[in-house]
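Fold and geometry: a report
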Amino acid sequence: MSDTSNYYGDVVNVNDGEKVIGINHGTVVHNDGTAQDTELQAAVTDLTRLLDDLRPVLTSDQAQTVENALPALTPDRAALRERGMILASVSQIAATVGEVGRPVMEALGRLLALLG
């Protein structure tokens, strides 16, 4: 009897393979530190520094909110996009302290522009 299997698309049989990666159709994207990532890292570092500088003029509740937000500020685009509420609360605090919070607002603007 003959094999009557019909295959549509890719068929891969791996028997006792080691370090098998699979089929590469030319869609692999490797990001090894582009200029955008460097800019994102710089923006997060700048915002973190400015928030540290701003803490002495904040109320205890505001300072606690900033303290809680700092660990969430990572140079990870996807994570920062998901943490919009944290960025919004930091923005609100910076806006309420007036002119002294302006550098934080500007740093947040640069960061948000990088996130797209």
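The present account deals with the structure reproduced in this document. Please read all numbers here as calculations on a predicted model, not as lab measurements.

Scanning the protein from N- to C-terminus turns up five helices and zero strands. When the helices and strands of the protein are placed in sequence order, the string is α-α-α-α-α. Across the protein, contacts joining residues at least 24 apart in sequence account for 61% of those joining residues at least 6 apart. When the accessible surface of the protein is summed, it comes to about 8400 Å², and 51% of that surface belongs to carbon and sulfur atoms.

The next point concerns the pattern of salt bridges. Enumeration over the complete set of coordinates arrives at seven salt bridges. Among the salt bridges present, the one from D46 reaches R110, with a minimum N-O distance of 2.7 Å. With a gap of 64 residues between them, D46 in helix α1 (residues 35–54) and R110 in helix α5 (residues 102–115) connect regions that are remote in the sequence. Each of D46, R49, D53 and R110 takes part in a single network of salt bridges with overlapping partners.

The subject of this paragraph is α5. The end-to-end C-alpha separation of α5 is 20 Å, in line with the 20 Å expected for 14 residues at 1.5 Å each. For α5, every residue scored as buried is listed here: V104, A107, L108, L111 and L115. Down the axis of α5, the buried side of the element spans an arc of 100 degrees, and every buried residue falls inside it. One or two positions beyond α5, positive phi appears at G116, with a value near 80 degrees.

This part takes up the environment of V44. Mapped onto the elements, V44 comes out in helix α1. Sequence spacing of V44 and R110 is 66 residues, and the spatial spacing of their C-alpha atoms is 9.5 Å. Aside from chain neighbours lying at most four places away, what touches V44 is L73, T74, P75, L80 and L111.

About the criteria used
- Residues take numbers from 1 onward in each chain, read along the sequence in its written order.
- For this predicted model, a pLDDT threshold of at least 70 governs which residues receive local features, and a threshold of 80 or more governs which side-chain atom pairs are given and counted, while totals over whole chains, interfaces and linings are taken from all residues.
- Side-chain metrics in this entry use all non-hydrogen atoms of the structure; hydrogen atoms and water are not considered.
- Secondary structure elements are taken from DSSP: a helix is a run of H or I of four residues or more, a strand is a run of E of two residues or more, and numbering for both begins at the N terminus.
- Pairs of residues are marked as contacts when any of their non-hydrogen atoms sit within 4.5 Å.
- Each accessible area value is a Shrake-Rupley result obtained with a 1.4 Å probe; residue values ignore everything except the protein chains displayed when judging cover.
- Salt bridge, as used here, is a side-chain nitrogen of Lys or Arg placed within 4 Å of a carboxyl oxygen of Asp or Glu.
- One fewer than the residue count of a helix, multiplied by 1.5 Å, yields its expected span.
- Buried, partly exposed and exposed residues are distinguished by accessible area as a fraction of the type maximum, computed with a 1.4 Å probe on protein chains only: under 20%, between the cut-offs, and over 50%, respectively.
- Here the arc refers to the directions that run from the helix axis out to each C-beta atom.

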